[in-house]
Amino acid sequence: MRLFMDTANIDEIRRGAAMGVISGVTTNPSLVAKEGIQYKDRVLEICEVVDGPISAEGIAQTADELVEEGKRIAAWHENVIVKVVMTEPGLEAISRLSAEGIGTNCTLIFSANQALLAARAGATFVSPFVGRLDDGGQDGMEMVREAVQILESFHLPTQVLAASLRHTRHVTDAALAGAHVATIPSTVLFQMLKHPLTDSGIERFLADAKGYTAV
Ligand code: E4P
């Protein structure tokens, strides 16, 4: 499973990228709004830091407008993936953008059927929102498992990008469910590398190492 960062904060992205574990970034209008910067400017900065798919979301409503906006967004940089919400015009836009070779990420996916539709329309990625389904008392990870099984059974090339992940167990479960990608908030990414036994083990090694001089 590849790991993307789910943030528009450039300092967090630089820190994550420096560890060599990040293959892409997802953004959305809410994440960029928190940064107080123009969407295009931030996406271009991210493209300088991470050499992989960078999702940027449009806000148009009709299929024609979504296609026009999607082409503009895709022209920002060769690594930009156009995020399109799961609606009827969204599916038409994905199908038309995909026919022109433009990468798309169908977002706000809340069922395996929506994932199948987006895959059939030609989406590069589908983004099932695990945490938001969990919030409503449903099993978000089951949707990821079903989507992966369906797309793989029918040899559809669309990648399942587990999104709306809220804690470290979500990341493990997404990998076990076979998600091709997990997009992870920075707090969760940095928590993944921590374990109290690692910390106490380091303290003990350092304390014991005081008894000799390393060559
Ligand atoms: C990523 O593509 C999504 O926009 C993001 O994971 C949504 O996460 P949230 O449900 O925590 O807002």
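Below is a summary of the structure that appears in this document. This is a predicted model, so every value here is computed, not measured.

## Re a nonpolar patch on the surface
A cluster of nonpolar side chains, namely Met19, Val21 and Leu193, defines an oily patch on the protein surface of about 240 Å² accessible area. Mapped onto the fold, Val21 is located in the loop between helix H1 (10-18) and strand E2 (24-26).

## Details of the site of the ligand
With respect to spatial proximity, the complete set of residues near the ligand consists of Asp6, Thr26, Asn28, Lys83, Phe129, Arg132, Ala163, Ser164 and Arg166. Contacts to the ligand include Asp6, whose side-chain N or O atom sits 2.5 Å from an oxygen atom. Between the ligand and Arg166 there is a distance of 3.1 Å, counted from an oxygen atom to a side-chain nitrogen or oxygen. In isolation the ligand offers 350 Å² of accessible surface; the protein chains occlude 84% of this area. When the residues that make up the shell around the ligand are grouped by side-chain class, the tally is two nonpolar, three polar and four charged.

## Looking at the packing of aromatic side chains
Counted according to the given criterion, the structure contains three aromatic pairs. Above the plane of the ring of Phe190 lies Arg15, whose end atom (NZ or CZ) is 3.6 Å from the centre.

## Some thoughts on the packing of helix H5 (residues 88-99) against helix H6 (residues 112-121)
How two helices sit against one another is set out by the angle between their axes and by the gap between those axes. In contact at an axis separation of 8 Å, H5 and H6 are set at 30° when each is read in the N-to-C sense. One finds that H5 runs roughly parallel with respect to H6. The residues of H6 that touch H5, namely those facing Leu91, Ile94, Ser95 and Ser98, are Leu117, Ala118 and Ala121. Among the residues making up the contact of H5 with H6, the classes are represented as five nonpolar, two polar and no charged.

## Here's the deal with unusual backbone geometry
Although it is not a glycine, His155 adopts a positive phi angle of roughly 55°. Note that His155 resides in the loop between helix H8 (140-153) and strand E7 (159-162). Residue His155 is classed as exposed on the basis of its relative accessible area of 71%. The backbone of Ser164 sits at a positive phi, close to 55°, despite the residue not being glycine.

## Regarding H6
When H6 is considered as a whole, its buried residues turn out to be Ala112, Ala115, Ala118, Ala119 and Ala121. Taken together, the buried residues of H6 touch H5, strand E5 (104-109), strand E6 (125-128) and H8. Residue Gly122 follows H6 closely and has a positive phi angle near 105°.

## What about the nonpolar core?
One finds Cys106, Ile109, Ala118, Val126 and Val144 to be the most contacted residues of the largest nonpolar core, which totals 59 residues. If we skip the residues at most four places from it in the chain, Val126 touches Asn105, Cys106, Ile109, Ala115, Ala118, Ala119, Leu151, Thr158, Gln159, Val160 and Leu161. If you look at the next biggest cluster of nonpolar residues, it comprises five residues, including Phe4, Ile81, Phe125 and Val181.

What counts and what doesn't
Residues numbered from 1 in each chain as written. Predicted model: local features only at pLDDT ≥ 70, side-chain atom pairs only at ≥ 80, totals over all residues. Heavy atoms only, no water. Patch = residues over 30% accessible without salt bridge, like charges linked within 9 Å, V, L, I, M, F, W, Y side chains within 5 Å. Areas by Shrake-Rupley, 256 points an atom, 1.4 Å probe, with all protein chains shown as cover. Salt bridge = Lys/Arg side-chain N within 4 Å of Asp/Glu carboxyl O. Helix = DSSP H or I, 4+ residues; strand = E, 2+ residues; numbered from the N terminus. Near = heavy atom within 4 Å. Polar contact = N/O pair within 3.5 Å; in protein donor to acceptor, adjacent residues only side chain to side chain. Nonpolar A, V, L, I, M, F, W, Y, C, P; charged D, E, K, R; others polar. Phe/Tyr/Trp six-rings, centres within 6.5 Å; stacked < 30°, edge-to-face > 60°. Lys NZ or Arg CZ within 6 Å of the ring centre and 35° of its normal. Axes fitted to C-alpha atoms, helices over the stretch in contact; angles between N-to-C directions. Parallel < 35°, antiparallel > 145°, perpendicular 65-115°, else oblique. Contact = heavy atoms within 4.5 Å. Buried < 20%, exposed > 50% of the residue type's maximum accessible area, 1.4 Å probe, protein only. Core = buried A, V, L, I, M, F, W, Y, C linked by side-chain atoms within 4.5 Å.

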